[in-house]
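# Survey of secondary and tertiary structure
One-letter residues, chain by chain:
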Amino acid sequence: MKSWTLRALACAGMMTAGVNAWAEDTAVTVRLFQFQPEEASIRAGTRVVWTNQDDIKHTVTAGLPGQPDGRFTLVLTGKGATASHLFTEPGVYRYFCERHQNMRGEIRVAR
Amino acid sequence: MTRAMTTAVVVVAVMTASALGAGCSQTGTSMGGSAMAAPAMTTSGTKAAGLRSGLNNLLQEHVYLAAAATGAALDGRDAEFKAAAAALDQNSIAISKAIGSVYGMDAELAFLPLWRRHIGFAVDYTVGVATSDKTRADKAVSDLIGYTEDFGAFLASANPNLPKGVVASLVKHHVVTLKNVIDAQASKDPTRAYMALRTAAGHMPMIADPLAEAIVKQFPDKFAG
């Protein structure tokens, strides 16, 4: 009985760990005028956190240069600044920096 | 000796002369009592010296080609402008490759559009001056000044030995000296234009030297010997 309980607890723990793994934040670093990684694949319900390592203002703007889609616009004011967005819906989210439009990134959200 | 071999020998000789010329030019500027910082490494033939002379060569070439392009544009010499602009872009690519050789392909790819941006702003300024469009010229100057902060931030991110403010200030001086060249060209004063051009080119070691020194300091093993 004891071993059965322990096994059940272990299973529950693994499931919880699995859920937590899905819910963990995904980090994107902004450095040398690049989003690193440029492409990230996540599960719906994941929050992506951008951290600016450049000593200059960048933005994280959904869409393409000249065609922002309005889904999110984040401002990273300077070195050390962070901003995040919770992705709840599956899809492909392209984004760029409004100030330096060669900076592009993409988040792929799966169910 | 075959024709191909002769050509190869000439190419090598030209490259060698070019490299030596860059070194002589750098020494000449230093000895000429300009505001250039005193060289920290004067031994030729080391990797550090090669880096330093290479950056000096590229950045001074940038100024001369930019001035050739703006001069041709202001005089309405279209074919010459296109040729100069194409050569200027080749120089931009070479500078970005130099950055990439130290910081990697990603940095190279990020640097090139950033560098090209300031050339675009200089073109805007030239067009503004040529068409007496003060609003356009003023915006281009404002964009160029703003750009210096971007450039400073890029190099500061790449190398902690390069403070953003210092780099921005040095690049700001580059912008101002090149603007003086364009203004003199626009006023059809060749004497002033060439004086301004020498000043603008003479400033570039102020950027190339600290950049080279900071890179060597950051990667001493890579540039040892």
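Note that the coordinates shown come from a computational prediction; the quantities given were computed from them, not determined experimentally.

Moving on to the overall build of chain B. Scanning chain B from terminus to terminus reveals eight helices and zero strands. The proportion of buried residues among the 225 residues of chain B is 40%. Once local pairs closer than 6 in sequence are excluded, the contacts in chain B between residues at least 24 apart make up 59%.

Chain A puts 10 residues into the contact, and the matching count from chain B is 13 residues. Of the residues in the side of chain A that touches chain B, the class split is three nonpolar, four polar and three charged.

All names here are of chain A. Omega for the bond connecting Gln 36 with Pro 37 falls within 30 degrees of zero, at 5 degrees, which places this linkage in the cis form. Residues other than glycine seldom take positive phi values, yet Leu 32 does so here, at roughly 55 degrees. By the element assignment, Leu 32 lies in the loop between β1 (26-31) and β2 (34-36). Overall, Leu 32 belongs to the buried group, with 23 C-beta atoms counted inside 10 Å.

Looking now at the sheet that holds β1 of chain A. Paired through backbone hydrogen bonds, the strands of a sheet run either parallel or antiparallel to each other. Residue and element names in this part refer to chain A. Strand order in the open sheet formed by four strands is β2-β1-β4-β7, with mixed pairing between adjacent strands. Of all strands in the sheet, those bounded by a partner on one side alone are β2 and β7 (82-87). Strand after strand, the sheet turns through a mean of 25 degrees between neighbouring axes, direction not considered. Where β1 meets β2, three bridges bridge the pair, whose relative direction is antiparallel. When the sheet's bridge partners are listed, Thr 29 is paired in β2 with Gln 36.

This next bit is on the packing of helix α2 (residues 47-74) of chain B against helix α7 (residues 190-203) of chain B. Residues and elements named next belong to chain B. Taken N-terminus to C-terminus, the directions of α2 and α7 make an angle of 150 degrees; their axes are 8 Å apart at the nearest point. Relative to α7, α2 is oriented roughly antiparallel. Crossing of α2 against α7: the hand is right-handed. The segment α2 lies against α7, with Gln 60, Val 63, Tyr 64 and Ala 67 engaging Leu 197, Ala 200 and Ala 201. Tallied by class, the residues present in the contact of α2 with α7 amount to six nonpolar, one polar and no charged.

Our next topic: the confidence of the model for chain B. Detailed reading of the predicted coordinates is not advisable wherever pLDDT falls low. Residue and element names in this part refer to chain B. Across chain B, pLDDT averages 84, with 80% of residues at or above 70. Mean pLDDT per element in chain B: helix α1 (residues 3-31) is the minimum at 35, and α7 is the maximum at 98. The model gives residues 1-42 a pLDDT under 50, and that stretch makes 30 contacts with residues more than four places away or in other chains. Model confidence for the complex is summarised by a pTM of 0.78, with the ipTM given as 0.75.

It is worth spelling out the nonpolar core at this point. Where a protein is soluble and globular, its nonpolar side chains tend to be buried together. Of all hydrophobic cores here, the largest spans 78 residues; its most connected members are Phe 154 and Val 181 of chain B. Not counting residues within four places of it along the chain, the set of residues in contact with Val 181 of chain B comprises Ala 67, Ala 193, Ala 196, Leu 197 and Ala 200 of chain B.

Another aspect to go through is the environment of Leu 211 of chain B. Residues and elements named next belong to chain B. One can find Leu 211 in helix α8 (residues 205-218). On the neighbour-count criterion, Leu 211 (26 C-beta atoms within 10 Å) is buried. Residues Leu 211 and Val 167 lie 44 residues apart in sequence; the distance between their C-alpha atoms is 8.9 Å. Leave out the neighbours within four places in its chain, and Leu 211 touches Leu 55 and Leu 162.

Moving on to the confidence of the model for chain A. In this model, chain A carries an average pLDDT of 86, and 79% of its residues clear a pLDDT of 70 or more. Under a pLDDT of 50 for its full length, residues 8-21 of chain A has, in the predicted model, zero contacts with residues more than four places off or in other chains.

All right, on to the packing of helix α6 (residues 164-186) of chain B against α7 of chain B then. Each packed pair of helices is defined by two parameters, the angle between the axes and the distance between the axes. Residue and element names in this part refer to chain B. Two elements in contact, α6 and α7, have axes separated by 8 Å at closest approach and are oriented at 165 degrees. One element, α6, and the other, α7, form an angle in the roughly antiparallel class. For the crossing formed where α6 meets α7, the hand is left-handed. Along its contact with α6, which presents His 173, His 174, Thr 177, Leu 178, Asn 180, Val 181, Ala 184 and Gln 185, the element α7 presents Arg 192, Ala 193, Ala 196, Leu 197, Thr 199, Ala 200 and His 203. Looking at side-chain class alone, the contact of α6 with α7 contains seven nonpolar, seven polar and one charged residues.

Conventions used here
Residues numbered from 1 in each chain as written. Chains lettered and ligands numbered in written order. Predicted model: local features only at pLDDT ≥ 70, side-chain atom pairs only at ≥ 80, totals over all residues. Helix = DSSP H or I, 4+ residues; strand = E, 2+ residues; numbered from the N terminus. Buried ≥ 20, exposed ≤ 12 C-beta atoms within 10 Å, placed from the backbone. Contact = placed C-beta atoms within 7 Å. Nonpolar A, V, L, I, M, F, W, Y, C, P; charged D, E, K, R; others polar. Pairing = 2+ DSSP bridges. Axes fitted to C-alpha atoms, helices over the stretch in contact; angles between N-to-C directions. Parallel < 35°, antiparallel > 145°, perpendicular 65-115°, else oblique. Left-handed = near helix turned anticlockwise from the far one by under 90°. pLDDT = per-residue confidence, 0-100. Core = buried A, V, L, I, M, F, W, Y, C linked by C-beta atoms within 7 Å.

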